[in-house]
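So the chains spell out like this:
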Amino acid sequence: MARTPVKTTSRIAAICLSLPETEERPFGGHTSPAFRVRDKMFVVISEDRTTMTLKAPEGVQAVLVASDPERFIVPKYVGNKGWVGVRLDLATPPDWDEIAELIYDSYCLIAPKRLVTQWEASRDN
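Read on for an overview of the structure. (Residues numbered from 1 in each chain as written. Predicted model: local features only at pLDDT ≥ 70, side-chain atom pairs only at ≥ 80, totals over all residues. Heavy atoms only, no water.)

Turning to the overall build of the protein chain, a few remarks are in order. Scanning the protein chain for helices and strands turns up 4 helices and 6 strands. When the elements of the protein chain are put in sequence order from the N terminus, they spell out α-β-β-β-β-α-β-β-α-α. The C-alpha radius of gyration of the protein chain comes to 14 Å, within 12% of the 14 Å expected for a compact globule of 125 residues. In terms of its C-alpha atoms, the protein chain occupies a principal-axis envelope of roughly 35 × 30 × 30 Å. (Helix = DSSP H or I, 4+ residues; strand = E, 2+ residues; numbered from the N terminus. Rg over C-alpha atoms; globule rule 2.2 N^0.38 Å.)

Right, let's get into the sheet that holds strand β4 (residues 51-55). The 6 strands lie next to each other as β1-β2-β3-β4-β6-β5, forming an open sheet whose pairing is antiparallel. A strand with exactly one partner marks an edge of an open sheet, and here the two such strands are β1 (22-24) and β5 (72-73). By the bridge criterion, 3 bridges tie β1 to strand β2 (residues 34-37) in an arrangement that is antiparallel. By the bridge assignment, Thr22 is partnered in β2 with Val37. (Pairing = 2+ DSSP bridges.)

Consecutive side chains of a regular strand alternate in pointing toward one face of the sheet and then the other. When you tally the buried positions in strand β6 (residues 83-87), you get 4 out of 5 residues, the bulk of the element. Where β4 meets β6, 5 bridges bridge the pair, whose relative direction is antiparallel. Considered in β6, the bridge of Lys55 is made with Trp83. Across 2 bridges, the pairing between β5 and β6 is antiparallel. By the bridge assignment for β6, Ile73 is matched with Gly85. (Buried < 20%, exposed > 50% of the residue type's maximum accessible area, 1.4 Å probe, protein only.)

Okay, the pairing of β4 next. Where burial is concerned, most of β4 is hidden: 4 out of the 5 residues are buried. Pairing analysis gives 3 bridges linking strand β3 (residues 40-45) to β4, with the strands arranged antiparallel. Looking at β4, one finds that Val43 is bridged to Leu54. Linking β3 to β4, which pair antiparallel, is a turn of 5 residues; within it Arg49 sits at a positive phi near 65°.

What follows deals with the packing of helix α3 (residues 96-110) against helix α4 (residues 113-124). The N-to-C vectors of α3 and α4 enclose an angle of 145°; their axes lie 10 Å apart at closest approach. Every residue of α4 that contacts α3 at Glu101, Tyr104, Tyr107 and Cys108 is listed here: Leu115, Val116, Trp119, Glu120 and Arg123. In terms of residue class, the contact of α3 with α4 is built from 6 nonpolar, no polar and 3 charged. (Axes fitted to C-alpha atoms, helices over the stretch in contact; angles between N-to-C directions. Contact = heavy atoms within 4.5 Å. Nonpolar A, V, L, I, M, F, W, Y, C, P; charged D, E, K, R; others polar.)

Backbone geometry at Glu21 places phi at a positive 60°, although glycine is not the residue there. Looking at where Glu21 falls in the secondary structure, it is placed in the loop between α1 (5-17) and β1.

Now for the pattern of salt bridges. Evaluation of the coordinates by the stated rule reveals 7 salt bridges. The shortest N-O distance in the salt bridge between Arg25 and Asp39 comes to 2.2 Å. Taken as a pair, Arg25 in the loop between β1 and β2 and Asp39 in the loop between β2 and β3 lie far apart in primary sequence, 14 residues in all. Note on Asp39: relative accessible area 46%, which makes it partly exposed. (Salt bridge = Lys/Arg side-chain N within 4 Å of Asp/Glu carboxyl O.)

Quick look at the structure:
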């Protein structure tokens, strides 16, 4: 494994928590990190820290899985709703710029429009 799960999870957390009104809170009886905006999840990391699941814009899931089926997967339970899984345990580390953009897209799909507008305005500065 190229990166330790703790470093990978910490890096994902830093990206998520940089977004307005984001909090880290597990869901249900799970202990794995889940990132939420206004109590709606937009990124979930698996219990074993080997995958991350996030909401993707329409059509993006299929493109990602077709482009790199080892890295990107259709996750159980939410894959049919457009969410995509990202394998974090491969020998080649993830492209962190791509991961950040996927996280930002997921946030923008879940967060209220006002927060998205606020974040986009701060990003442009």
